[in-house]
Amino acid sequence: MPITKHSRLVATTIAVALGATSLAACGSEDAKDDAQSGPASLTYWTWTPGMDKVVDLWNKGPGKKQQITVTVKKQASGDTLITKILTAHKAKKAPDLVQAEYQALPTLVSNDALADISGESKEAKSKFADGVWQQTTLGTDAVYAIPQDIGPMMFYYREDLFKKYGLTVPTTWEQFAETARALKKKAPDKDLTTFSANDSGLFAGLAQQAGAKWWTTSGDKWKVGINDAATQKVAKFWGGLVKEGVIDNQPMYTPPWNKALNTGKQIAWVSAVWAPGTLTTAAPDTKGKWAMAPLPQWSDSENVTGSWGGSSTAVTTDSKHKAAAAKFAAWLNTDPDAVAALAKESGIYPASTSAQLSDAFMQPPAFFSNQQDFYTKASAIAKTTAPSAWGPNVNVAYTSFNDAFGAAAKNKSDFGAALKTMQDDTVANLKKQGFGVAQ
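Residues numbered from 1 in each chain as written. Predicted model: local features only at pLDDT ≥ 70, side-chain atom pairs only at ≥ 80, totals over all residues. Heavy atoms only, no water.

S.K.: Could you clarify how one ought to interpret the overall build of the protein in this entry?
M.R.: Across its full length, the protein holds 18 helices and 10 strands. For 439 residues, the compact-globule estimate of 2.2 N^0.38 gives 22 Å, and the C-alpha radius of gyration of the protein, at 22 Å, lies within 12% of that figure. The C-alpha extent of the protein, read off along each of the three principal axes, is 70 × 50 × 40 Å. For the protein, the proportion of its 439 residues judged to be buried stands at 58%. Taking all contacts inside the protein whose residues are at least 6 apart in sequence as the whole, residues at least 24 apart take part in 76%. As displayed, the protein has an accessible area near 18,000 Å², and 50% of this comes from carbon and sulfur atoms. (Helix = DSSP H or I, 4+ residues; strand = E, 2+ residues; numbered from the N terminus. Rg over C-alpha atoms; globule rule 2.2 N^0.38 Å. Buried < 20%, exposed > 50% of the residue type's maximum accessible area, 1.4 Å probe, protein only. Contact = heavy atoms within 4.5 Å. Areas by Shrake-Rupley, 256 points an atom, 1.4 Å probe, with all protein chains shown as cover.)

Structure representation (structure tokens):
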């Protein structure tokens, strides 16, 4: 692949971590070498439920014809899986394919664990929105994974209670703040929503929508922009609402939060496309009372959303059948039958734009049976997903967020100071790991 600024950086970080000298050596040239190597038996590490049933379609169909068999090995998700992959890779025993969250890709790439499959993924690119595809390239000419599922962010609100209190669905963040204040005046015992300091992914998505790029490159160094103007704007906005007392400051995914949603104490939620599944268990008594709308914008002229969650299918550098693995990854996430099975068996919202409007999404989620255009609207919102910029120590930044913002939310203190702590912790960790950091 052409050596861009970012790929030079990745090569440098690999040299620091593992003594390797070039990322290009593990790229699509390796994949081409095994293209005609005959039968292949591949192993796929994934946490997605029902994936074995989806893979059966491959093994009985395209895989059988091409003599490529895939075996699913169920794994834990998150940092646990990343650690296991890196440990296996260090022993040169990583599986052929792995499921990886988008924010984990830089960590895996900087450790030379993922192969560049750009040569085998050219036809797949057109199936995805640019902002989604960009997350698998890390801003280079390489392609390190095929997008699988995404989490475009949206605004959920209690339609009945908005009507009861005479509230209008906000289209801008300024209107969002005004709505929170109006509700508090009309019903002091209720909150529009909460700021949850245990959800770093939510905050990252909000910053992404505002234009933040937390990790970028400068020559052969990483540049951390967590404390940039866009994120400062987001932090100031939410910190102001918490300090003012017009929204709650309690974390989500707790019994009190569930109760607040179920009883109507909180009447809105900034979330992602997967929210209906959460509401089904968190607020079962409110079925059919919610509606979904686009995320509020920072100005009337904008139409952009952030992303909260999502994962991809990547091929490892340890695989002896990279071309075969890349074929399966592309099939899994673009073939109509495969994506329909993923929706049915695994409950995912596909990254593929055509799959978002397939028969599997003709009916709304059962919890939103009152909103027949749920998935049509979701697909339109997904196309506006802003590009993201992840780095090799997302886990450190997220942990710092939980600690610093957790204290700030609890004490209703300055979110700006918490953001600076998050920036400083992330930079310090990069330097400790031996990465070059630009100021």
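This is not the end of the story, as more comes after the structure.
S.K.: Would you take a moment to explain the packing of helix H3 (residues 51-60) against helix H15 (residues 336-346) for this structure?
M.R.: Any two packed helices are characterised by the angle at which their axes cross and by the distance between the axes. As a packed pair, H3 and H15 sit with axes 9 Å apart at the nearest point and diverge in direction by 160 degrees. As summarised for this structure, H3 and H15 are arranged roughly antiparallel, according to the angle between their axes. As H3 runs across H15, the sense of the crossing is right-handed. In this structure, H3 contributes Met51, Lys53, Val54 and Leu57 to the contact, and H15 contributes Asp337, Ala338, Ala341, Leu342, Glu345 and Ser346. Its residues assigned to classes, the contact of H3 with H15 comprises 6 nonpolar, 1 polar and 3 charged. (Axes fitted to C-alpha atoms, helices over the stretch in contact; angles between N-to-C directions. Parallel < 35°, antiparallel > 145°, perpendicular 65-115°, else oblique. Left-handed = near helix turned anticlockwise from the far one by under 90°. Nonpolar A, V, L, I, M, F, W, Y, C, P; charged D, E, K, R; others polar.)

S.K.: Mind showing me how you'd approach the sheet that holds strand E6 (residues 221-224) here?
M.R.: In sheet architecture, strand pairing relies on hydrogen bonds along the backbone and comes in two forms, parallel and antiparallel. On the basis of which strands lie adjacent, the open sheet formed by 3 strands has the order E5-E6-E10 and mixed pairing. The open sheet has two edge strands with one neighbour each: strand E5 (215-218) and strand E10 (437-438). Pairing of E6 with E10 involves 2 bridges; the strand directions are parallel. Paired with lysine 223 across the strands is alanine 438, a residue of E10. (Pairing = 2+ DSSP bridges.)

S.K.: Teacher, can you tell me more about the nonpolar core here?
M.R.: Across soluble globular proteins, you tend to see nonpolar side chains buried next to one another. In terms of nonpolar packing, the biggest core is built from 138 residues, with Phe195, Trp214, Trp215, Trp238, Val270 and Phe405 touching the most fellow members. For phenylalanine 405, the contacting residues outside a window of four places in its chain are Phe195, Ala197, Phe203, Ala235, Ser400, Phe415, Ala418, Leu419 and Met422. (Core = buried A, V, L, I, M, F, W, Y, C linked by side-chain atoms within 4.5 Å.)

S.K.: Got a minute to help me understand H3 in this structure?
M.R.: Side chains three or four residues apart in an α-helix point the same way, a direct result of the helix having 3.6 residues per turn. Of all the residues in H3, the buried ones are Met51, Val54, Val55 and Trp58. Along the long axis of H3, the arc covered by the buried residues comes to 95 degrees, so they all point the same way. Facing away from the buried surface of H3 by more than 90 degrees, the exposed residues are Lys53 and Lys60. Those residues of H3 that are buried are in contact with strand E1 (40-46), helix H4 (62-66), strand E2 (68-74), strand E4 (146-158), helix H14 (322-334) and H15. (Arc of directions from axis to C-beta.)

S.K.: Would you take a moment to explain the packing of aromatic side chains for this structure?
M.R.: Any pair of aromatic rings gets described here by the distance separating the centres and the angle formed by the planes. In total, this model carries 41 aromatic pairs according to the counting rule given. Here tyrosine 157 and phenylalanine 162 contribute two aromatic rings whose centre-to-centre distance is 5.0 Å and whose plane-to-plane angle is 55 degrees, an arrangement assigned as tilted. Given a relative accessible area of 3%, phenylalanine 162 falls into the buried group. The ring of tryptophan 45 is capped by lysine 84, whose NZ or CZ atom sits 5.0 Å from the centre of that ring. (Phe/Tyr/Trp six-rings, centres within 6.5 Å; stacked < 30°, edge-to-face > 60°. Lys NZ or Arg CZ within 6 Å of the ring centre and 35° of its normal.)

S.K.: Is there a simple way to explain the pairing of E6 in this structure?
M.R.: Looking down a regular strand, the side chains alternate between one sheet face and the other. Of the two faces of E6, only the one carrying Trp222 and Val224 is buried; Lys221 and Lys223 on the other face are not. One ladder, built from 4 bridges, connects E5 with E6; its direction is antiparallel. Opposite tryptophan 215, over in E6, you have valine 224 as the bridge partner. Linkage of E5 to E6, two consecutive antiparallel strands, is achieved through a turn of 2 residues, within which glycine 219 is found at a positive phi near 65 degrees.

S.K.: Can you walk me through the pairing of E1 in this structure?
M.R.: Extensive coverage of E1 is indicated by the burial of 5 of its 7 residues. As defined by bridge partners, E1 adjoins strand E3 (residues 97-101) across 2 bridges and the pair is classed as parallel. Paired with tryptophan 45 across the bridge in E3 is valine 98.

S.K.: Explain helix H13 (residues 275-282) to me, please; I cannot follow it from the model alone.
M.R.: Within H13, the full set of buried residues consists of Ala275, Pro276, Thr278, Leu279 and Ala282. In an axial view of H13, the angular spread of the buried residues amounts to 160 degrees, which keeps them on one side of the axis. Among the structural elements, E4, helix H12 (255-263), strand E7 (268-272), strand E8 (290-294) and helix H16 (374-382) are those in contact with the buried residues of H13.

S.K.: Can you help me understand the packing of helix H9 (residues 173-186) against helix H11 (residues 229-244) in this one?
M.R.: For the pair H9 and H11, interaxial distance at closest approach is 11 Å and the crossing angle is 10 degrees. On the basis of their axis angle, the class for H9 and H11 is roughly parallel. Contact residues: Trp173, Phe176, Ala177 and Arg181 in H9; Phe237, Trp238, Leu241 and Glu244 in H11. Tallied by class, residues from the contact of H9 with H11 come to 6 nonpolar, no polar and 2 charged.

S.K.: When you look at the pattern of salt bridges in this model, what are you seeing that I'm missing?
M.R.: Think of it this way: side chains of opposite charge can pair up when their charged atoms draw near. The full count for this structure, using the stated rule, is 6 salt bridges. The partner of glutamate 244 in a salt bridge is arginine 181, and the shortest N-O contact between them spans 2.7 Å. In this pair, glutamate 244 is assigned in helix H11 and arginine 181 in helix H9, connecting sequence segments 63 residues apart. Note that lysine 420 and aspartate 424 form a salt bridge whose closest N and O atoms lie 2.8 Å from each other. Here lysine 420 pairs with aspartate 424, and both are found in helix H18 (residues 415-433), just 4 residues apart, close to one helical turn. Salt bridges here are not isolated pairs; linked through shared partners, they connect Lys184, Asp191 and Lys265. (Salt bridge = Lys/Arg side-chain N within 4 Å of Asp/Glu carboxyl O.)

S.K.: I'm lost on unusual backbone geometry in this one. Help?
M.R.: Working note: non-glycine residues mostly have negative phi, and peptide bonds are mostly trans. The backbone of leucine 138 shows a phi angle near 55 degrees, a positive value even though the residue is not glycine. Residue placement: leucine 138 occurs in the loop between helix H7 (130-133) and E4. Judged by its relative accessible area of 10%, leucine 138 falls in the buried class. Positive phi, normally seen in glycine, also occurs at tyrosine 253, with a value near 60 degrees. Along the chain, tyrosine 253 turns up in the loop between H11 and H12.

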